[in-house]
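Observations on the model geometry
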Amino acid sequence: DAAAQLGGKKSMMNATSESTSTEEMNTMRMQLPKDFQSQLKNVVSNYLTLKDAFVASEVEQISSAAADLQDKLQDIPTEALEGMVKSHFEMIQQKLKLISVSANLEEQRAAFVILNENMVVLVNNISGIAPDLYLQRCPMANNSKGAVWLSSSSEIRNPYYGDAMLTCGSVIDTLGLK
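Predicted model, so just to flag it, every value in this text is computed and none were measured.

The next thing to look at is the state of the cysteines. Considering all chains together, one arrives at zero disulfides under this definition. No disulfide involves Cys 138; its sulfur sits 3.5 Å from the nearest other cysteine sulfur, which is in Cys 168. A residue is classified by how much of its surface remains accessible, and Cys 168, at 17% relative accessible area, is buried.

Look at helix α6 (residues 83–101) against helix α7 (residues 105–123): their axes get within 9 Å of each other, and the N-to-C directions meet at 155°. Judged by the angle between their axes, α6 and α7 are roughly antiparallel. Read as a crossing pair, α6 and α7 show a hand that is left-handed. When α6 is examined against α7, the residues Val 85, His 88, Phe 89, Met 91, Ile 92, Lys 95, Leu 96, Leu 98 and Ile 99 are found in contact with a partner set consisting of Glu 107, Gln 108, Ala 111, Phe 112, Ile 114, Leu 115, Asn 118, Met 119, Val 121 and Leu 122. For the contact of α6 with α7, the per-class residue count stands at 14 nonpolar, three polar and two charged.

Here we come to the packing of helix α4 (residues 44–56) against helix α5 (residues 59–74). Following both chains from N to C, one finds α4 and α5 inclined at 165°, their axes separated by 9 Å at the closest point. When the axis of α4 is compared with that of α5, the two are roughly antiparallel. Crossing of α4 against α5: the hand is left-handed. Residues Asn 46, Tyr 47, Thr 49, Leu 50, Ala 53, Phe 54 and Ala 56 of α4 lie in contact with α5, whose contacting residues are Gln 61, Ile 62, Ala 65, Ala 66, Asp 68, Leu 69 and Lys 72. Across the contact of α4 with α5, the residue classes tally to nine nonpolar, three polar and two charged.

Our next topic: the pattern of salt bridges. When charged atoms on two side chains of opposite charge get close, those side chains can pair. As enumerated under the stated definition, the model contains three salt bridges in all. The salt bridge partner of Arg 109 is Glu 106, with a shortest N-O separation of 3.9 Å. Of this pair, Arg 109 and Glu 106 both sit in helix α7, separated by three residues, roughly a single helical turn. Salt-bridge contacts for Arg 157 lead to Glu 155; the nearest nitrogen and oxygen are separated by 2.6 Å. The class of Arg 157 is partly exposed, set by a relative accessible area of 29%.

Read across the open sheet, the three strands follow the order β2-β1-β3; overall the sheet is antiparallel. With one partner strand each, in any of the chains shown, β2 (147–151) and β3 (170–175) form the two edges of the open sheet. On average, each strand axis in the sheet is inclined to that of its neighbour by 25°, with strand direction left out of account. As paired elements, strand β1 (residues 133–138) and β2 share five bridges and run antiparallel to each other. In the strand pairing of β2, Leu 135 is matched with Leu 150. The sheet strands contacting α4 are β1 and β2, and the helix crosses β2 at an angle near 125°.

Rules used throughout
- Residues numbered from 1 in each chain as written.
- Predicted model: local features only at pLDDT ≥ 70, side-chain atom pairs only at ≥ 80, totals over all residues.
- Heavy atoms only, no water.
- Disulfide = S-S within 2.5 Å.
- Buried < 20%, exposed > 50% of the residue type's maximum accessible area, 1.4 Å probe, protein only.
- Axes fitted to C-alpha atoms, helices over the stretch in contact; angles between N-to-C directions.
- Helix = DSSP H or I, 4+ residues; strand = E, 2+ residues; numbered from the N terminus.
- Parallel < 35°, antiparallel > 145°, perpendicular 65-115°, else oblique.
- Left-handed = near helix turned anticlockwise from the far one by under 90°.
- Contact = heavy atoms within 4.5 Å.
- Nonpolar A, V, L, I, M, F, W, Y, C, P; charged D, E, K, R; others polar.
- Salt bridge = Lys/Arg side-chain N within 4 Å of Asp/Glu carboxyl O.
- Pairing = 2+ DSSP bridges.

Interpretation in functional terms is not warranted from these geometric data alone.
Here it is, written out as structure tokens:
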């Protein structure tokens, strides 16, 4: 997957087919170390703060929330991570760094697309995630390729368009009920 991504080919990190990408994110199963699962659960609220900043379309708020989440993730030991788990985690960190330093909302949102593709895979593999999280998708985001995000509410609040298309999207899955 990493080689495909570096070669500009389709991979889990940059899948272009909306059905394949979403389906792969929902069905990709991997073993996450228990400690990692616990620590990742603890930063979901920080992720949700970042998502809400995107909904508000506030560049400075987005940068601040991304830097905060990045700081929290840096506290998670990664020695036990390997393979795809490590790749997804590193991609999240890379995109958070880009989001935190960018002053361009569209650039931030483009990075958020990739961050979410990776975050969804990891969070979907946490056993007993609570409270329930909703996997939501906007078919128009990401140049009409579609993009996903996680929410604590079933109500759609689109982070890719903010007020312009606040309710564009749908719930495609509920994590935590599996």
